[in-house]
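Topology and contacts: notes
So you can see what is in the structure, the chains are spelled out below.
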Amino acid sequence: DAGITQSPRYKITETGRQVTLMCHQTWSHSYMFWYRQDLGHGLRLIYYSAAADITDKGEVPDGYVVSRSKTENFPLTLESATRSQTSVYFCASSESVAGSGTFGSGTRLTVV
Amino acid sequence: AQTVTQSQPEMSVQEAETVTLSCTYDTSESDYYLFWYKQPPSRQMILVIRQEAYKQQNATENRFSVNFQKAAKSFSLKISDSQLGDAAMYFCAYRTPLSGNTPLVFGKGTRLSVIA
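Conventions adopted
Residues numbered from 1 in each chain as written. Chains lettered and ligands numbered in written order. Predicted model: local features only at pLDDT ≥ 70, side-chain atom pairs only at ≥ 80, totals over all residues. Heavy atoms only, no water. Pairing = 2+ DSSP bridges. Helix = DSSP H or I, 4+ residues; strand = E, 2+ residues; numbered from the N terminus. Contact = heavy atoms within 4.5 Å. Buried area = accessible area lost by both parts, 1.4 Å probe. Salt bridge = Lys/Arg side-chain N within 4 Å of Asp/Glu carboxyl O. Polar contact = N/O pair within 3.5 Å; in protein donor to acceptor, adjacent residues only side chain to side chain. Nonpolar A, V, L, I, M, F, W, Y, C, P; charged D, E, K, R; others polar. Disulfide = S-S within 2.5 Å. Buried < 20%, exposed > 50% of the residue type's maximum accessible area, 1.4 Å probe, protein only. Core = buried A, V, L, I, M, F, W, Y, C linked by side-chain atoms within 4.5 Å. Axes fitted to C-alpha atoms, helices over the stretch in contact; angles between N-to-C directions.

1. As for the pairing of strand 6 (residues 46–52) of chain B
All names here are of chain B. Relative to strand 6, strand 5 (residues 33–39) runs antiparallel, the two sharing six bridges. Bridge pairing links Phe35 to Arg50 in strand 6. Between the end of strand 5 and the start of strand 6, which pair antiparallel, lie six residues, with Arg43 showing a positive phi angle near 85 degrees.

2. A few points about the interface of chain A and chain B
The interface of chain A with chain B comprises 29 residues on the first partner and 21 residues on the second. Note on chain A versus chain B: buried area summed over both sides is about 2000 Å², and carbon and sulfur give 51% of it. The tally of links from chain A across to chain B stands at zero salt bridges. Between chain A and chain B we count nine residue pairs in polar contact (both at pLDDT 80 or more) in total. Those elements that provide at least two residues to the side of chain A that touches chain B are strand 4 (31–38), strand 5 (42–51), strand 9 (87–94) and strand 11 (107–111) of chain A. In terms of residue class, the side of chain A that touches chain B is built from 13 nonpolar, 13 polar and three charged.

3. Focus: the state of the cysteines
All names here are of chain A. Tallied over the full model, the rule gives two disulfides over all chains. Between Cys23 and Cys91 runs a disulfide, and the two sulfur atoms are separated by 1.8 Å. Across the disulfide from Cys23 to Cys91, rotation about the S-S bond amounts to roughly -75 degrees, and the bridge is consequently left-handed. In this pair, Cys23 is assigned in strand 3 (residues 19–25) and Cys91 in strand 9, connecting sequence segments 68 residues apart. Here Cys91 falls in the buried class, since its relative accessible area comes to 0%.

4. Focus: the nonpolar core
Residue and element names in this part refer to chain B. Among the nonpolar cores identified, the biggest contains 25 residues, and Tyr25, Trp36, Phe75, Leu77 and Tyr90 are the most heavily contacted of them. Among the secondary structure elements, those contributing two or more residues to this core are strand 3 (19–21), strand 5, strand 6, strand 8 (64–69), strand 9 (74–79), strand 10 (88–95) and strand 12 (110–115). In terms of residues, this core owes the most to one element, strand 10, which gives four residues. Contact partners of Tyr90, with chain neighbours within four places excluded, come to Gln6, Leu21, Trp36, Tyr37, Lys38, Val48, Phe64, Leu77, Ile79, Gly109, Thr110 and Leu112.

5. A short note on the pattern of salt bridges
The tally for this structure, following the rule as stated, stands at seven salt bridges over all chains. Asp38 of chain A is the partner of Arg36 of chain A in a salt bridge, and the nearest nitrogen-oxygen pair spans 2.8 Å. Take Arg36 of chain A and Asp38 of chain A: they sit in the same class, and that class is buried. With a shortest N-O distance of 2.8 Å, Asp86 of chain B and Arg63 of chain B are connected by a salt bridge.

6. So, the sheet that holds strand 8 (residues 76–78) of chain A
Strand pairs in the sheet, formed through backbone hydrogen bonds, run parallel or antiparallel to each other. Residues and elements named next belong to chain A. With antiparallel pairing, the four strands of this open sheet are ordered in space as 1-3-8-7. Every other strand in the sheet has two partners, leaving strand 1 (4–7) and strand 7 (64–66) as the edge strands with one partner each. Going from strand to strand, the sheet's axes swing by 15 degrees on average, the running direction of each strand aside. Relative to strand 8, strand 7 runs antiparallel, the two being bridged by three bridges. The partner of Val65 across the bridge, within strand 8, is Thr77.

Scope: geometric values only; no functional claims are made or implied.
Here it is in structure tokens:
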């Protein structure tokens, strides 16, 4: 099915563990984004990518790593999870800089 | 840096009535895009309406319309004939195309309750 999918939908992990959140889109959109949503903060940008092998930091990149070896995939890795990274994570893609972006369903990550 | 401010953390409206959600933004750009997103309890982010800054005419999508005041940097969302299904978090967002691959900048959101 066409669209943007995130996995897993829910994840519980322990402090210090590495965890990877997956994002896959089927439109071949050039632009992809990772946001985190926290109460009182709205959505804040973690990393974004304009094309395969091109990534840039957003507002809150510390503790996160991304890669984009293929246009359709944009995984987000927490190298050593901390409790402050408990959040809902959204992936989005866009066909152009003027696009509104299409969002995945989000991943709720809990770090205990 | 661009910022987006939603000054109303929570709003409520009676079913069938009209409600206006406020949004202001700060930018030095002249060309940009503004958006309103709806996030129901399902967590899905749904685009409600979009406005191009170079267009003077306010965007409208069925019961949803905006009041875009470029000089005042204001972009409010009006929901007419409110329905129970309109209850959600609403986010205002800004984006400029002029600087390359710029992402959306979001406000902190307004939680809208609809009272039957």
